[in-house]
Amino acid sequence: MGRGRKPAKDLSFRDKKIVERYNSTPETMSRLAKTYGMSKQRVFQIVVRAKKLGYVIKRKELLTDHHDARHCEVCNKIFQTAGKENLVTTRQLAQLLSIEDKICQWHVSQLRKTGYVPKNFATIRSDRLVKALQFYRDHSLPTNDVGRKFGYKNFYSILSYQKKKGINVERGSKPAFMSDFEQEKRTLPFPTVNQTESL
Ligand SMILES: [Zn+2]
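Throughout, a residue's number is its position along its own chain's written sequence, starting from 1. Local features in this predicted model are restricted to residues whose pLDDT is 70 or higher, and side-chain atom pairs enter the listing and the counts only when it is 80 or higher, whereas totals over whole chains, interfaces and linings include all residues. Based on all heavy atoms of the structure, the side-chain values leave hydrogens and waters out of the count.

Participant: What is the right way to look at the overall build of the protein chain in this model?
Facilitator: Helical segments are the DSSP runs of H or I of at least four residues, strand segments are the runs of E of at least two, and each set is numbered from the N terminus. The secondary structure content of the protein chain amounts to 10 helices and 0 strands. When the helices and strands of the protein chain are listed from N to C terminus, the series reads α-α-α-α-α-α-α-α-α-α. Every one of the 199 residues in the protein chain was classed for burial, and the buried ones make up 40%. Across the protein chain, every contact between residues at least 6 apart in sequence was considered, and the portion connecting residues at least 24 apart equals 64%. Every accessible area reported is derived by Shrake-Rupley at a probe size of 1.4 Å, with residue values counting cover from the shown protein chains alone. Summing over all exposed atoms, the protein chain offers an accessible surface of approximately 12,500 Å²; the carbon and sulfur share of this is 51%. Per-residue accessibility, obtained with a 1.4 Å probe over protein chains only, is compared with the maximum for each type, and a residue is labelled buried under 20%, exposed over 50%, and partly exposed between these values. Contacts: residue pairs with any heavy atoms within 4.5 Å of one another.

If you want it as C-alpha cells, here you go:
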C-alpha cells in the first residue's frame, strides 16, 4: 500500500461490496476472489484494510458455532421451500436460491443438525429420482409406468428403499412433511412462511 501515493481514507465501492459479501454470505475468500477477478491475497488485504478503517468483520457468525439459522437468509429460504416440498435435491435448492451447491449443502446440513428440517431432507442426490418420486406421489399411475417414464426398471424397489429411509412418497400427501412441520412450527422462531412468492 502507499508507494508514495496517499492511501484512500475509505474503501472503494467495490471493496465495500466485497466486505459486505464476506460478512453476510458464507462465500469464501477464494470464491470472492474469483467473482471479482482478483487474487485471494488481494481479498485478504481488502478485509484487513477494512478492519483498520473500522469496518466490522463479523465473519465468525457464519461459522458453525455462530451460525444462527433463524437469522440466516439462506436457511430461511431453504426452510420455506422445505415446508412446501420435501422431495428436492440440494442442487435444485441451490438453483432456486441462486447460490452455489456447496453453500446450499452447508446450510441444509445446519438445518438438519438443528432439527429444523428432517434428517433426511434433501438427501437424495439425483434430480431424476426426485422428479420420479414427485411424479409417483402426485399422479395415480401404476408404479411400473412411473418407473418406465423416468427410465427406472426397478422403480418398485427404489420406492420401498426410499420409504424405508423415511422419505414420504405417500400418494396424495402434498407437501410431504408439512403435517409434522405444522405441528412444530408453533415452537419455531422463524417468521411465518407466507412470503414464498420471492422464491
Ligand atoms: Zn444458514
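Participant: I would appreciate a short explanation of the pattern of salt bridges in the present structure.
Facilitator: Salt bridges are counted wherever a side-chain nitrogen of Lys or Arg sits within 4 Å of a carboxyl oxygen of Asp or Glu. Considering all chains together, one arrives at 10 salt bridges under this definition. Between D10 and K16 there is a salt bridge, with the nearest N and O atoms lying 3.4 Å from each other. Take K16: its relative accessible area is 35%, and that puts it in the partly exposed class. Here E100 and R31 are joined by a salt bridge, their closest N and O atoms 3.0 Å apart. Of the two residues, E100 is situated in the loop between α5 (90-97) and α6 (101-114) and R31 in helix α2 (residues 29-35); the sequence distance between them amounts to 69 residues. Classification of E100 as partly exposed rests on a relative accessible area of 32%. Look at R31 and you get partly exposed, because its relative accessible area is 31%.

Participant: I tried to follow the confidence of the model for the protein chain on my own but got confused; where do I start?
Facilitator: Should the pLDDT be low somewhere, the predicted coordinates at that spot are not to be read in detail. Summarising the model, the protein chain shows a mean pLDDT of 81, and 79% of its residues fall at 70 or more. Within a predicted model, pLDDT stands for the predictor's per-residue confidence, ranging from 0 to 100. Across the protein chain, the element-wise mean pLDDT spans from 44 in helix α10 (residues 178-185) up to 95 in helix α8 (residues 143-150). Note on residues 176-189: pLDDT under 50 across the span, and 18 contacts to partners over four residues away in sequence or across chains. Under a pLDDT of 50 for its full length, residues 191-199 has, in the predicted model, 12 contacts with residues more than four places off or in other chains.

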